[in-house]
Amino acid sequence: MTDSKYFTTTKKGEIFELKAELNSDKKEKKKEAVKKVIASMTVGKDVSALFPDVVNCMQTDNLELKKLVYLYLMNYAKSQPDMAIMAVNTFVKDCEDPNPLIRALAVRTMGCIRVDKITEYLCEPLRKCLKDEDPYVRKTAAVCVAKLHDINAQLVEDQGFLDTLKDLISDSNPMVVANAVAALSEIAESHPSSNLLDLNPQSINKLLTALNECTEWGQIFILDCLANYTPKDDREAQSICERVTPRLSHANSAVVLSAVKVLMKFMEMLSKDLDYYGTLLKKLAPPLVTLLSAEPELQYVALRNINLIVQKRPEILKHEMKVFFVKYNDPIYVKLEKLDIMIRLASQANIAQVLAELKEYATEVDVDFVRKAVRAIGRCAIKVEQSAERCVSTLLDLIQTKVNYVVQEAIVVIKDIFRKYPNKYESVIATLCENLDSLDEPEARAAMIWIVGEYAERIDNADELLESFLEGFHDESTQVQLQLLTAIVKLFLKKPTETQELVQQVLSLATQDSDNPDLRDRGYIYWRLLSTDPVAAKEVVLAEKPLISEETDLIEPTLLDELICYIGTLASVYHKPPSAFVEGGRGVVHKSLPPRTASSESTESPETAPAGAPSSEQPDVIPTQGDLLGDLLNLDLGPPVSGPPLATSSVQMGAVDLLGGGLDSLMGDEPEGIGGPNFVAPPAAAVPANLGASMGSGLSDLFDLTSGVGTLSGSYVAPKAVWLPAMKAKGLEISGTFTRQVGSISMDLQLTNKALQVMTDFAIQFNRNSFGLAPAAPLQVHAPLSPNQTVEISLPLNTVGSVMKMEPLNNLQVAVKNNIDVFYFSTLYPLHILFVEDGKMDRQMFLATWKDIPNENEAQFQIRDCPLNAEAVSSRLQSSNIFTVAKRNVEGQDMLYQSLKLTNGIWVLAELRIQPGNPSFTLSLKCRAPEVSQHVYQAYETILKN
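Calculation criteria
- Residues numbered from 1 in each chain as written.
- Predicted model: local features only at pLDDT ≥ 70, side-chain atom pairs only at ≥ 80, totals over all residues.
- Heavy atoms only, no water.
- Pairing = 2+ DSSP bridges.
- Helix = DSSP H or I, 4+ residues; strand = E, 2+ residues; numbered from the N terminus.
- Axes fitted to C-alpha atoms, helices over the stretch in contact; angles between N-to-C directions.
- Buried < 20%, exposed > 50% of the residue type's maximum accessible area, 1.4 Å probe, protein only.
- Contact = heavy atoms within 4.5 Å.
- Core = buried A, V, L, I, M, F, W, Y, C linked by side-chain atoms within 4.5 Å.
- Salt bridge = Lys/Arg side-chain N within 4 Å of Asp/Glu carboxyl O.
- Patch = residues over 30% accessible without salt bridge, like charges linked within 9 Å, V, L, I, M, F, W, Y side chains within 5 Å.
- Areas by Shrake-Rupley, 256 points an atom, 1.4 Å probe, with all protein chains shown as cover.
- Lys, Arg positive; Asp, Glu negative; His and termini not counted.
- Charge placed at Lys NZ, Arg CZ, Asp CG, Glu CD.
- Arc of directions from axis to C-beta.
- Parallel < 35°, antiparallel > 145°, perpendicular 65-115°, else oblique.
- Left-handed = near helix turned anticlockwise from the far one by under 90°.
- Nonpolar A, V, L, I, M, F, W, Y, C, P; charged D, E, K, R; others polar.
- Expected span 1.5 Å × (residues − 1).
- Polar contact = N/O pair within 3.5 Å; in protein donor to acceptor, adjacent residues only side chain to side chain.

Draft legend 1. Fine view of the sheet that holds strand 9 (residues 858-863). Ordered by their spatial adjacency, five strands build an open sheet running 9-13-12-11-10, and the pairing between neighbours is antiparallel. With partners counted over all chains shown, the strands left at the sheet margins are strand 9 and strand 10 (883-890), one partner each. The average undirected angle you get between the axes of adjacent strands in this sheet is 20°. Relative to strand 13 (residues 921-927), strand 12 (residues 907-914) runs antiparallel, the two being bridged by six bridges.

Written out as structure tokens, the structure is:
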């Protein structure tokens, strides 16, 4: 009879009867009783009252009965800790039983009883089992150490179990090795700082030997451990890859993905010139293709991982396009994922096949899938330029089907195609306009409005079309309202006479009748631009737009490298690092790919890699950019490094309190509290902490600065300008400029007394500012300043003051005090006074950093009317600490690759294109804090044109 009878009892005094049966002398009756107890426990009845009686049954040689009692014990030990201690003696005895199955059972159960009181009694038996002669007992004991560590980490460390675990990595039995690795990995994950898995070539060799003989899950533990190892050179990496490759043909998909992870990671260290590199690429494709013949859920996991692999190394699967074609019975989640990978693999060679397939998908019945297919056609056009014409005609065919959602998606992607290929396919606009009435989705309406506004001069009735949208302005979504506002302003700038009423109507709708702050602000900006300077408005609104990039949805390179290290885990399915979805401290160790070895890096230099070109390898050069490069937006400021304590003072200055810390602290012991209000500036985004000297010193050992010492000539100095007119300062006029000479910054001031009384007791103070500029000494005016007298003073500055992000970034608010009053003014300092002398990067670092900074951080500018040649440009910029790292000539253009470093440690990389004979240069800047780019460009303009 089966065990189901134990679950079908209806007796009343059940516990009492079970108690009697448990204490019976007959072995069979005891066993039956324990089975009934376990059955009751399984269905949720409380049988904890029988604890002592069940524990008495432990003293038996019957393995089946022992297993049942241990099962009961694991369940109730937590609620009955005092009773559970009764069982300790039996555990200790069982750990010395001649039967290895019983010894292992005892150790396994001990690990599952999470009761603090008991753990210390279990150390001795566990120690014996870790050294047991039977491998089955040793492998069970290894896992028990990890469980015990979770309950009481300190105890495990004190008892030396971790060292015993490390010894087990050299065990002769592969399963013991695998469990030891699994236990150590588990412990290391919860204690990232401990260097438990101290892997070296010898231990790696042992793991690789064990790899061939383990069970499949043992292989996964070992492969995951190998993935955390960084080989010392490319030869060792190749040898490990050779020994891991056979795992690719394993039947278990988890083993295959773990092997792929190890190979993807170690390929980083192999030179692309090696024959073995090409062989490895070929070997990686078949196992990935095989994964796609599994059931849909496994296919989905495989596809999410393949998506990452294709972004990192598209060459692996470039010939395997057909396996990603959608089958009619694929679930929707598999279809969408396959579509994504098809676009990533699309190239000139296979685009015809892909387009034919996508056109087929666009006629399917599943709406979500059809939408994605139409989008995919647009993405192909943007990715493969030669196919753009075909894609556009395919989209027009789809528009002719008049299926509403197909038409709307097609219009959205045609807008992107216009952005990528301006002045090429505008002939299709007429067809698009015919479908205006059928658009009901915000994104499609916004795209259509953008097209009408952008090409208003080619559409005769553009004003009527936009007016038709304007009728229901308040019912539209924000996205459509914003597009409509911009489109009508564009139309007005192109056809001012006919559309004056229309533009006034939309501006009043956006500013007076709307409660959306984004819309209102944009409306006011346009209103003021149009009313004050129509020429500037034209330059702003009708400016040339940058072309959109091919792949807008690529994962950011550093994140991609981290995710490659997590292939085969949840992180690779979510496409998020573990820290984004694992709560608590576990699983938040940031992993990254190993740096490329010298042999493979020597082929790359600024001469060979086009600046800004996307690169397949993204070396992780700069550790955690967050802590180093003081992002201008989100670091908070500590107190100033030097300077007198800030006192409070009494002069009020309207509602806006401009300068922090009263000025009287600078004046010595003056009886009356003269000075600015105790001024804490208006709230603004917080800026980097201690960006001054400490930041620089942290960076100096990261970058090769030995070659970067600048020339001793000073940088460009602007002529003095009036900062504070006499009429605003009771007769005191202040003019000034900023200079940088041999690493020192100073503010050169000219004070003129245009009042009728003598001026004395001068002092100066700066408000907190973006780069921590502060006076390095008091303002020294040695003699009283008589009427009509002028004095020139050089005030030394440092960058260790308090920091707060200003708008604009280079704004400096100053308070000057004399015997008459306190006066306030603000001025803009040129950013080049903050370019330090050790701003020259070495070439390899330049190339790697350029690749490492995301492409969206790149900004392009035009420098016009500059007649200098490349040599003159290079030497002029060098005198202001902008250093040329490399120079090359491409198709007759001189390309200068330059680097500079700001006082707060932020690096800015530049590519300057100079066409001989053409006075306009193109400047591309890349920086981790993109808000400085505009100001660096202004510095270039200033230095080159003066």
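Draft legend 2. Up close: unusual backbone geometry. Backbone torsion omega between Glu 807 and Pro 808 reads -5°, so that peptide bond is classified as cis. With respect to the secondary-structure elements, Pro 808 resides in the loop between strand 6 (790-798) and strand 7 (811-817). For Lys 402, which is not glycine, the phi torsion reads 60° and is therefore positive. Positive phi values are uncommon outside glycine, yet Val 742 reaches one of about 45°. Positionally, Val 742 belongs in the loop between strand 2 (732-741) and strand 3 (744-753). For Val 742, a relative accessible area of 53% gives the class exposed.

Draft legend 3. Molecular detail of the environment of Leu 288. Positionally, Leu 288 belongs in helix 18 (residues 275-291). Considered as a pair, Leu 288 and Glu 320 are 32 residues apart in the sequence and their alpha carbons are 10.0 Å apart. Not counting the four nearest positions on each side in its chain, Leu 288 is found in contact with Val 260, Ile 306, Ile 309, Ile 316 and Leu 317.

Draft legend 4. Layout of the nonpolar core. Formed by 212 residues in total, the largest nonpolar core has its most connected members in Tyr 72, Leu 126, Leu 207, Val 244 and Phe 418. Setting aside its immediate chain neighbours within four residues, Leu 126 contacts Val 107, Met 110, Ala 141, Cys 144, Val 145, Leu 148 and Phe 161. If you look at the next biggest cluster of nonpolar residues, it comprises 63 residues, including Leu 724, Leu 749, Leu 809 and Phe 823.

Draft legend 5. Spatial organisation of the pattern of salt bridges. If you walk through the whole model with that rule in mind, you get 37 salt bridges. Asp 330 is paired through a salt bridge with Lys 338; the nearest N and O atoms lie 2.9 Å apart. Each member of the pair, Asp 330 as well as Lys 338, carries the same accessibility label: buried. Of the charged contacts in the structure, one is a salt bridge between Lys 901 and Asp 838, with a shortest N-O distance of 3.8 Å. Taken together, the positions of Lys 901 in strand 11 (residues 893-901) and Asp 838 in the loop between strand 8 (822-828) and helix 37 (843-852) put the pair 63 residues apart, joining distant regions of the chain. Overall, the relative accessible area of 3% leaves Lys 901 in the buried class. On the basis of relative accessibility, which here comes to 26%, the residue Asp 838 falls in the partly exposed class.

Draft legend 6. Just a negative patch on the surface, in detail. Together, Glu 464, Glu 467, Glu 471 and Glu 501 make up a region of like negative charge exposed at the surface. Within the fold, Glu 467 resides in helix 27 (residues 462-470).

Draft legend 7. Structural view of helix 1 (residues 14-22). Along helix 1, the positions that sit buried rather than exposed are Glu 14, Leu 18, Glu 21 and Leu 22. Along the long axis of helix 1, the arc covered by the buried residues comes to 95°, so they all point the same way. If you follow the buried residues of helix 1, they end up packed against helix 2 (27-42) and helix 3 (51-56).

Draft legend 8. Quick look at the packing of helix 19 (residues 296-312) against helix 20 (residues 332-345). Running from N to C, helix 19 and helix 20 cross one another at 20°; their axes reach a closest spacing of 10 Å. By the angle between their directions, the pair helix 19 and helix 20 is classed as roughly parallel. The handedness of the crossing between helix 19 and helix 20 comes out as left-handed. The segment helix 19 lies against helix 20, with Pro 296, Glu 297, Gln 299, Tyr 300, Leu 303, Arg 304, Ile 306, Asn 307, Val 310 and Gln 311 engaging Tyr 333, Val 334, Glu 337, Lys 338, Asp 340, Ile 341, Arg 344 and Leu 345. Taken together, the residues that form the contact of helix 19 with helix 20 break down as nine nonpolar, three polar and six charged.

Draft legend 9. Highlighting helix 30 (residues 517-532). The terminal C-alpha atoms of helix 30 lie 22 Å apart, and with 16 residues this matches the ideal 22 Å at 1.5 Å per residue to within 8%. Taken together, the buried positions of helix 30 are Leu 519, Gly 523, Tyr 526, Leu 529 and Leu 530. All buried residues of helix 30 project into a common sector of 135° when viewed along the axis, lining one side. Those residues of helix 30 that are exposed and angled more than 90 degrees off the buried face are Arg 528, Ser 531 and Thr 532. The N-cap residue of helix 30 is Asn 516: its side-chain oxygen and the backbone nitrogen of Asp 518 are 2.8 Å apart.

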